[in-house]
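# Structural overview
What follows is the residue order along each chain.
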Amino acid sequence: MPATSPSRAVATAPGSQPAVDPGLRTIRVGLVGCGAFARFSMTHYRRLPGVEVQAVADVDPAAARRAAEELHAEARPAAALVASADIDLVYIATPPATHHPLAAAALRAGKHALVEKPLATTLADAEDLESLAARRGLVCVANLVERYNPLAHAVHRIIESRILGGLVHGLFMNDAADEGLAPGHWFWDRAASGGIFVEHGVHFFDLVASWLGAGTVVAATRSTRPAGQAGGGSAAEEEQVACTCRYQLNHHRGPSRPARSESPADRHAGVLFHFEHGFHQPSRMDRQEMRLVFERGELRLFDWVPTHGQVRAVVDDEAAEALAAMLPRSSSRTLDRYDGSARHVRGRFRDFEADALVEITFSLGLEKLQLYGEVVAALAADQLARMRDPTHVRQLTEADSVATVALACDADRLALAAD
Ligand SMILES: NC(=O)c1ccc[n+]([C@@H]2O[C@H](COP(=O)([O-])OP(=O)(O)OC[C@H]3O[C@@H](n4cnc5c(N)ncnc54)[C@H](O)[C@@H]3O)[C@@H](O)[C@H]2O)c1
């Protein structure tokens, strides 16, 4: 058994200040749910300094035994693990509908919780976790890794700089593989997963919220697998969902919860973002693309944890250079050059001058899985820093985790109403 840090109590009375625990160095982790994603995450958590895996739990004893061996930890029943005195943080990597009861039990026992996405499958349950964590000064976030990608930060800087003019609309096309999702997998069972918006869409709602702040769902729909191809469940499998959200750019740094009341004048203003998620492709055709359309150009990101992308824009030479400098490992080429009156460009009733139509490609120089590991580790490191120092300002908060559930549940409700 690894050496442990001194036992500590982090629970405080309701309404009191977050517990300050300057002595907390080593964080002792208990894992609940030893499936595919937990094995991936644990590889990356274990390389962070001051992390010790103490115990594991799974309803499947074989899965628990295998994880215990791999992680040199003890297998315990989940109820015992979340209440164990030698655990500081419970990492919950079970199917979505079990997240709330497990995380609530961990928080009530005074443990921090790192919960796989989604935080919960209903807004009420997500809010309950947020309030339990706040009352006890504990961390309880969902593993929403997208905002930890360095490319997400670069895109944010480009939006804020307005170097491409204003953002007009966005589109995320997610044609995902279902090869690993056999008939009968919990993913197809809405009672277990919460549906595609809730189980999966939260990642991208959170990414866009990190750029644009709160959004509201204005339309949503879904489709089920054609008759005869359903996997054997009682209900037809939902395989595709789509929604449109509106973001008010003046809410940029505002609260990350959806803005529910808009003045009539505001109703049609703002940036529209379209999200498409389908699980129907062979693994070798799994592909994603995000397009951000600005007044003077377009930025595209590829892969679902984006590793590379492209900008095409009508800009002056100075802006082209600045853009290239804002993007990692960038390479620019001029597609068309303008002189004299051809430099005059007009769009959205506005005039500007441009020297060229340029194409800039950029890349992090990492394979998708490498980057995935990096963002998983970055989120954990950020949250561990908060557990060690309650004044540490995190990139992702409980409120952000709840906001994604709120948006996803709104989208799901609208889609079901349109069935
Ligand atoms: N953050 C990400 O990028 C990311 C990626 C993939 C999956 N996920 C999330 O991770 C979670 C798990 O997904 P997975 O693909 O690893 O699923 P999985 O089916 O491979 O693993 C889930 C494990 O949990 C166990 N389990 C189920 N109910 C339990 C309970 N009540 N107590 C203890 N163990 C229980 C199962 O036996 C199984 O071993 C899901 O919430 C999923 O959305 C997140």
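Procedures and definitions
Residues numbered from 1 in each chain as written. Predicted model: local features only at pLDDT ≥ 70, side-chain atom pairs only at ≥ 80, totals over all residues. Heavy atoms only, no water. Helix = DSSP H or I, 4+ residues; strand = E, 2+ residues; numbered from the N terminus. Buried < 20%, exposed > 50% of the residue type's maximum accessible area, 1.4 Å probe, protein only. Contact = heavy atoms within 4.5 Å. Areas by Shrake-Rupley, 256 points an atom, 1.4 Å probe, with all protein chains shown as cover. Salt bridge = Lys/Arg side-chain N within 4 Å of Asp/Glu carboxyl O. Pairing = 2+ DSSP bridges. Axes fitted to C-alpha atoms, helices over the stretch in contact; angles between N-to-C directions. Near = heavy atom within 4 Å. Polar contact = N/O pair within 3.5 Å; in protein donor to acceptor, adjacent residues only side chain to side chain. 1 Å grid on protein atoms, 1.4 Å probe; cavity = no way out; pocket = protein on both sides within 12 Å on 5 of 7 lines; lining within 4 Å. Sits in = over half its atoms within 2 Å of the grid points. Nonpolar A, V, L, I, M, F, W, Y, C, P; charged D, E, K, R; others polar. Expected span 1.5 Å × (residues − 1). Points joined across faces, edges and corners; volume = space filled by probe spheres on them. Phe/Tyr/Trp six-rings, centres within 6.5 Å; stacked < 30°, edge-to-face > 60°. Lys NZ or Arg CZ within 6 Å of the ring centre and 35° of its normal.

Right, let's get into the overall build of the protein. Assigned secondary structure in the protein consists of 11 helices and 17 strands. Per-residue burial over the protein gives 53% buried out of 419 residues. Taking as baseline every contact in the protein between residues at least 6 positions apart, the subset at least 24 positions apart corresponds to 75%. Carbon and sulfur atoms make up 54% of the accessible area of the protein, which totals about 18,200 Å².

A separate point is the pattern of salt bridges. The full count for this structure, using the stated rule, is 27 salt bridges. A salt bridge links aspartate 206 to arginine 147; the shortest N-O distance between them is 2.8 Å. Taken together, the positions of aspartate 206 in helix 8 (residues 196–212) and arginine 147 in the loop between strand 6 (140–142) and helix 6 (150–161) put the pair 59 residues apart, joining distant regions of the chain. The exposure class assigned to aspartate 206 is buried, which follows from its relative accessible area of 1%. For arginine 147, a relative accessible area of 9% corresponds to the buried category. The network of salt bridges with shared partners includes Arg190, Arg222, Glu238, Asp412 and Asp419.

What follows covers the sheet that holds strand 7 (residues 167–177). Taken in spatial order, the 9 strands make up an open sheet running 8-9-10-7-11-12-13-17-14, and their pairing is mixed. Edge positions in the sheet fall to strand 8 (215–224) and strand 14 (331–337), since each of these pairs with one other strand and no more. On average, each strand axis in the sheet is tilted by 10° relative to the strand beside it, whichever way the strands run. Pairing analysis gives 6 bridges linking strand 14 to strand 17 (residues 356–363), with the strands arranged antiparallel. Looking at the pairing, serine 332 lines up with isoleucine 360 of strand 17. Packed onto the sheet, helix 8 meets strand 7, strand 8, strand 9 (238–247), strand 10 (271–281), strand 11 (287–294) and strand 12 (297–302) and runs at close to 145° relative to strand 10.

Lining the immediate surroundings of the ligand are 23 residues, of which Phe37, Asp58, Trp186, Glu199 and Tyr372 lie closest. Glutamate 199 is positioned such that a nitrogen or oxygen atom in its side chain is 2.6 Å from an oxygen atom of the ligand. In the model, an oxygen atom of the ligand is placed 3.2 Å from a nitrogen or oxygen of the histidine 203 side chain. Contact with the protein chains covers 82% of the free accessible surface of the ligand, which is 860 Å². Assessed atom by atom at 2 Å from the grid points, the ligand resides in the largest pocket. Elements with a minimum of two residues in the shell around the ligand: helix 1 (36–45) and helix 8. Broken down by class, the residue content of the shell around the ligand amounts to 11 nonpolar, 7 polar and 5 charged.

For the rest of this paragraph, the subject is helix 10 (residues 368–388). Look at helix 10: 30 Å from first C-alpha to last across 21 residues, which is about the 30 Å you get at 1.5 Å a residue. For helix 10, every residue scored as buried is listed here: Leu371, Tyr372, Gly373, Val375, Val376, Ala377, Leu379, Ala380, Asp382, Gln383, Leu384 and Met387.

Moving on, we get to the environment of histidine 100. Relative to the helices and strands, histidine 100 resides in helix 4 (residues 99–108). A sequence separation of 20 residues divides histidine 100 from alanine 120, and the C-alpha atoms of the two residues are 5.5 Å apart. Setting aside anything within four residues of it in sequence, one finds histidine 100 in contact with Leu119, Ala120, Asp125, Asp128 and Leu129.

Moving on, we come to the layout of surface pockets. Its volume calculated, the largest pocket comes out at about 1,300 Å³. Lining the largest pocket are 46 residues, and of these Ala36, Phe37, Lys117, Trp186 and Glu199 sit closest to its centre. For the lining of the largest pocket, the secondary structure elements donating two or more residues are helix 1, helix 4, strand 7, helix 8 and helix 10. Considering every element that reaches the lining of the largest pocket, the biggest residue donor is helix 1, with 4 residues.

Moving on to the sheet that holds strand 2 (residues 51–57). The strand order across the open sheet built from 6 strands is 3-2-1-4-5-6, with neighbouring strands paired in parallel fashion. Sheet topology places strand 3 (74–75) and strand 6 at the edges, where each strand pairs with a single neighbour. The strands that helix 2 (residues 61–71) touches are strand 1 (27–32), strand 2 and strand 3; relative to strand 2, the one it contacts most, it runs at about 160°.

On inspection of all chains with the given rule, the structure shows 13 aromatic pairs. Ring centres of tyrosine 45 and tyrosine 91 lie 5.0 Å apart, and the angle between their planes is 70°; this geometry places the pair in the edge-to-face category. Here tyrosine 45, found in helix 1, pairs with tyrosine 91, found in strand 4 (residues 89–92); they are 46 residues apart in sequence, far enough to count as distant. Residues tyrosine 45 and tyrosine 91 agree in their burial class; the two are buried. With 5.9 Å between their ring centres and 70° between their planes, phenylalanine 204 and tryptophan 304 make a pair best called edge-to-face. In this pair, phenylalanine 204 is assigned in helix 8 and tryptophan 304 in the loop between strand 12 and strand 13 (308–315), connecting sequence segments 100 residues apart. For the pair phenylalanine 204 and tryptophan 304, a shared accessibility class is recorded, and that class is buried. The structure contains a cluster of three or more aromatic residues connected by ring pairs, namely Phe37, Phe40, Phe172, Phe204, Trp304 and Tyr372. The ring of phenylalanine 352 is capped by arginine 296, whose NZ or CZ atom sits 3.9 Å from the centre of that ring.

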